[in-house]
Amino acid sequence: MRKLGRVVAVLFGAGFVYAAFLYLTLPDVRPLRGANPETTAFMELRASEARAKGAAPKKVQRWVPYGRISGNLKRAVLVAEDSGFWQHEGIEFEQLKESIEANIERLEFARGGSTITQQLAKNLYLSPSKNPIRKVREILIARRLEAELTKQRILELYLNVIEWGDDIYGAEAAARTYFGKPASDLNPQESALLAGAIVNPHVHSPAHPTARLRRRQEMILRRMGAATPPPVVAETPAGRPAETPAGPVPDAPAPVPGVVPPPSALPGEPVRPAPPLPACERPPCELSD
């Protein structure tokens, strides 16, 4: 029993030391308050993969501020990827619990259950590898992002760095590549198609939509009216949100045939999330996280 006690104590001590190491080696996210990242871990990974094949790395990306991204795309992405974006602080614990249970049942790490903040953490600093340690780091970084940045800034970063196809990063590059227009001009149908492709843009290309991508597009379109993105808020020199100007929110959605109008909400008020996609269609079932 004494030996067993010593083993348990050693294991507990080692776990504590490793947890402290993980926490102390997390990236500092504070510069993201006012500076845009020049590259991301995912971009560097794709560049390495290209060089390994003897090809020159390519990157199609054009950074645009939050206010110059269509409100249609913001709503579509929230519906497709994170309907509880307004409510959570980086982690959807119920969804995470479901993912853990599904992984235990399958005896593999197949489902991630990531929020937009977690996906941003992974894209900026980590890798697409499927292992529990990477997931722990992702969760810790997501919590830091939520503590240091506004929801508007998190969504702005996300929409500017995520992959939307081979060598295509961000909403502006995707809009111009697939539709020949800026991200500010995307209509509901185009936005739903792009949002549906996020799950795996290398398989579900907006340039050649699969039947599955079309089904996701239709489902997202039907539910876009229930999603409200963070409003466009001016930033003060100190990097803090200024008071919201009087008048209508710039991202107020235009009416879309067949789409339920969004609930009215003032900045900072809780907003009822859009109904989640059915289990068979939600990103965790398809996306290797």
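Scoring rules and cut-offs
- Residues numbered from 1 in each chain as written.
- Predicted model: local features only at pLDDT ≥ 70, side-chain atom pairs only at ≥ 80, totals over all residues.
- Heavy atoms only, no water.
- Helix = DSSP H or I, 4+ residues; strand = E, 2+ residues; numbered from the N terminus.
- Buried < 20%, exposed > 50% of the residue type's maximum accessible area, 1.4 Å probe, protein only.
- Contact = heavy atoms within 4.5 Å.
- Areas by Shrake-Rupley, 256 points an atom, 1.4 Å probe, with all protein chains shown as cover.
- Polar contact = N/O pair within 3.5 Å; in protein donor to acceptor, adjacent residues only side chain to side chain.
- Core = buried A, V, L, I, M, F, W, Y, C linked by side-chain atoms within 4.5 Å.
- Axes fitted to C-alpha atoms, helices over the stretch in contact; angles between N-to-C directions.
- Parallel < 35°, antiparallel > 145°, perpendicular 65-115°, else oblique.
- Left-handed = near helix turned anticlockwise from the far one by under 90°.
- Nonpolar A, V, L, I, M, F, W, Y, C, P; charged D, E, K, R; others polar.
- Phe/Tyr/Trp six-rings, centres within 6.5 Å; stacked < 30°, edge-to-face > 60°.
- Lys NZ or Arg CZ within 6 Å of the ring centre and 35° of its normal.
- Salt bridge = Lys/Arg side-chain N within 4 Å of Asp/Glu carboxyl O.

Draft legend 1. Layout of the overall build of the protein chain. Of the regular secondary structure elements, the protein chain holds 11 helices and 2 strands. For the protein chain, the sequential pattern of α-helices and β-strands runs α-α-β-α-α-α-α-α-β-α-α-α-α. Taken across its 289 residues, the protein chain has 45% of its residues classed as buried. Restricting the contact set of the protein chain to residue pairs at least 6 apart, pairs at least 24 apart contribute 73%. Total accessible area on the protein chain stands at roughly 14,900 Å², and carbon and sulfur atoms take up 59% of it.

Draft legend 2. Highlighting unusual backbone geometry. With a phi angle near 65 degrees, D167 is a residue other than glycine that sits in the positive phi range. By relative accessible area, D167 is classed as partly exposed at 28%.

Draft legend 3. Broad picture of helix α3 (residues 71-81). Most of α3 is tucked away, with 11 of its 11 residues classed as buried. Within α3, the full set of buried residues consists of G71, N72, L73, K74, R75, A76, V77, L78, V79, A80 and E81. At the N-terminal boundary of α3, the capping side chain belongs to S70, with an oxygen 3.0 Å from the backbone nitrogen of N72.

Draft legend 4. Quick peek at the nonpolar core. Of all hydrophobic cores here, the largest spans 47 residues; its most connected members are Y158 and W164. Counting only elements with at least two residues in this core, the list comes to α3, α5 (116-125), α6 (132-148), α7 (151-161), β2 (168-169), α8 (171-179), α9 (188-197) and α10 (211-223).

Draft legend 5. Looking closely at the packing of α5 against α7. α7 packs onto α5 with a crossing angle of 55 degrees between their chain directions and a minimal axis gap of 10 Å. Compared by their axis directions, α5 and α7 come out oblique. Crossing of α5 over α7 shows left-handed handedness. Between α5, through I116, T117, Q119, L120 and N123, and α7, the contact on the second element is made entirely by I154, L155, L157, Y158 and V161. Taken together, the residues that form the contact of α5 with α7 break down as 7 nonpolar, 3 polar and no charged.

Draft legend 6. Structural detail: the packing of aromatic side chains. Evaluation of the coordinates by the stated rule reveals 0 aromatic pairs. Lying over the aromatic face of Y66, K74 brings its terminal NZ or CZ to 3.6 Å of the ring centre.

Draft legend 7. Just α5, in detail. Across the 10 residues that make up α5, a large majority, 9, are buried. Considered for burial, the residues of α5 that qualify are I116, T117, Q118, Q119, L120, A121, K122, N123 and L124. Close packing links the buried residues of α5 with α2 (41-52), α3, α6 and α7.

Draft legend 8. Geometry of the side chain of Q217. Its location among the elements puts Q217 in helix α10. Here Q217 falls in the buried class, since its relative accessible area comes to 7%. Every residue in contact with Q217, bar those within four places of it in the chain, is listed here: Q189, A192 and L193.

Draft legend 9. Region of interest: the pattern of salt bridges. Tallying each qualifying case throughout the model produces 11 salt bridges. In this structure, R33 engages E148 in a salt bridge whose closest nitrogen and oxygen atoms are separated by 2.2 Å. Of this pair, R33 sits in the loop between α1 (2-24) and α2 while E148 is found in helix α6, placing the two residues 115 residues apart along the sequence. A residue is classified by how much of its surface remains accessible, and R33, at 43% relative accessible area, is partly exposed. Linking R134 and E138 is a salt bridge whose minimum nitrogen-to-oxygen distance equals 2.2 Å. Here E138 and R134 lie together in helix α6, a separation of 4 residues that amounts to about one turn. The residues R134 and E138 share a single accessibility class, namely buried.

Draft legend 10. Up close: the packing of α3 against α10. For the pair α3 and α10, interaxial distance at closest approach is 9 Å and the crossing angle is 110 degrees. Taken together, the axes of α3 and α10 lie roughly perpendicular to each other. For the element pair α3 and α10, the recorded crossing hand is right-handed. Touching A76, V79 and A80 of α3 are R216, I220 and R223, all from α10. Of the residues that constitute the contact of α3 with α10, the class distribution is 4 nonpolar, no polar and 2 charged.

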